[in-house]
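Below, each chain spelled out in residue letters.
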Amino acid sequence: MSSALPTRPGPIGVFDSGYGGLTILSEIRKALPEYDYIYLGDNARTPYGTRSFDIVYEFTLQAVRRLFELGCHLVILACNTASAKALRSIQMRDLPKLDPARRVLGVIRPTVECVGSLTHTRHIGVLGTAGTIKSQSYVMEVRKLFPDINVVGQACPMWVPLVEYNEARESGADYFVQKYINALLKQDAQIDTVILGCTHYPLLLPKIKKYIPADITIISQGELVAQSLKDYLLRHPEMDTLCTRGALCTYYTTEAEEKFAESASTFLNHSIEVRHIDLNG
């Protein structure tokens, strides 16, 4: 496999199970506008949040392979579920066989790294998909870096559908936003910092702010991941030289191109051209 992969410089790959990763991509492009990017959304098989570890790993590996084939040397899993359920296996088990020089990075660690300086009570909450919460990935990452911090998680199964069906601004969304926030805060009254552990959730931010007390810090991932990538490329010039710079972004979806383009405009606030891609072949 590795001998068949292109070795010339290529774009940075950004993968998500659907549209949420576009919030990460937008922030990355703000921080690093000169680079080329490929965004791949596995919209035909979304959501990943309710799927098993094995299936998420299989689907994510298919996407990573395809992005490598498209010339990417660096791939960002802009998806909390994929980062939680597949990243470590791909890094440890698959990269050595596919190409030891290539890299796959996730969104969980960059998010966790800032927590220590933000929480004063040392009690934080995580709002995420069922898969991310069940994986305990945030709990484990926080424990590694900040053993004194207590973490509780709350699954928000209705939030991704609200965003993907363009209901995030509607009054009907308030019930579900308030419901999950109340459930989180009921678990631990000392929480002073809340991580939005899903890339869809920034589109619900106006309503999230409405129901989370003003003295609680809300951590949204986009800027943190973008800054982490910028730092990573500065620390790894050998990878930086393998990333092309033409300020271009190509979009792929496993779903219908028209549907993706229409929904993506909700996340990006501008129109895009999209190509269809098959991950099973």
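Relevant structure appears above.
Residues numbered from 1 in each chain as written. Predicted model: local features only at pLDDT ≥ 70, side-chain atom pairs only at ≥ 80, totals over all residues. Heavy atoms only, no water.

## Thoughts on the sheet that holds strand β7 (residues 193-197)
The pairing of strands in a sheet happens through backbone hydrogen bonds and is either parallel or antiparallel. Basically, it comes down to this: At least two DSSP bridges between two strands are required for those strands to pair. We count a stretch as a helix when DSSP gives it H or I for four or more residues in a row; a strand needs E for two or more, and each element gets its number in order from the N terminus. What counts as an axis is a line fitted to C-alpha atoms, over the stretch in contact for a helix, and the angles between N-to-C directions run from 0 to 180 degrees. Throughout, a contact is declared for two residues whenever any of their heavy atoms are within 4.5 Å.
Across the sheet, four strands lie side by side as β6-β5-β7-β8; this open sheet has parallel pairing. Two strands in the sheet have a free side with no partner beyond their single neighbour: β6 (150-155) and β8 (217-219). Direction aside, the axes of adjacent strands within the sheet are offset by 20° on average. Pairing between strand β5 (residues 123-128) and β6: six bridges, direction parallel. In the strand pairing of β6, His 123 is matched with Asn 150. Its contacts with the sheet place helix α9 (residues 173-187) against β5, β6 and β7, and it is angled at close to 155° to β6.

## Quick look at the packing of helix α2 (residues 53-69) against helix α4 (residues 87-98)
Geometry of a packed helix pair, given as the angle between the helix axes and the separation of the axes. Using the following cut-off: When an angle is under 35 degrees it counts as roughly parallel; over 145 it counts as roughly antiparallel; between 65 and 115 it counts as roughly perpendicular; any other value is oblique. Take the far helix as the reference: if the near one is turned anticlockwise from it by less than a right angle, the crossing is left-handed, and if turned clockwise, right-handed.
Across the interface, α2 lies against α4 with an axial gap of 12 Å and an inter-helix angle of 40°. Put simply, α2 runs oblique to α4. As for how α2 packs across α4, the hand of that crossing is right-handed. Residues Tyr 57, Thr 60, Leu 61, Val 64, Arg 65 and Phe 68 of α2 form the contact with α4, whose own contacting residues are Ser 89, Ile 90, Arg 93, Asp 94, Leu 95 and Leu 98.

## Focus on the layout of surface pockets
Definition in use: Here a cavity denotes a set of grid points, spaced 1 Å apart and computed over the protein atoms alone, in which a 1.4 Å probe fits but from which it cannot get out, and a pocket denotes an open set meeting protein on both sides within 12 Å along at least five of seven lines; residues with an atom within 4 Å of a point are reported as lining. Grid points are joined across faces, edges and corners, and a volume is the space filled by probe spheres set on the points. Ten residue types, Ala, Val, Leu, Ile, Met, Phe, Trp, Tyr, Cys and Pro, are classed as nonpolar, four, Asp, Glu, Lys and Arg, as charged, and the remainder, Gly among them, as polar.
If you add up the space inside the largest pocket, you get close to 830 Å³. Around the largest pocket, the lining is made up of 32 residues, and of these Leu 87, Gln 91, Gly 106, Arg 109 and Glu 141 lie nearest the centre. Elements with a contribution of two residues or more to the lining of the largest pocket: α3 (80-85), α4, α5 (108-112), α7 (137-145) and α11 (221-235). Tallying contributions element by element places α11 first for the lining of the largest pocket, with eight residues. Partitioned by chemical class, the residues of the lining of the largest pocket number 15 nonpolar, nine polar and eight charged. When its volume is computed, the second largest pocket comes out at roughly 560 Å³. Mapped onto the lining of the second largest pocket, the elements with two or more residues apiece are α3, α6 (130-135), α8 (159-164) and α13 (257-268). In terms of residue count, the dominant contributor to the lining of the second largest pocket is α13 (five residues). Of the residues in the lining of the second largest pocket, the class split is 13 nonpolar, 15 polar and five charged.

Scope: geometric values only; no functional claims are made or implied.
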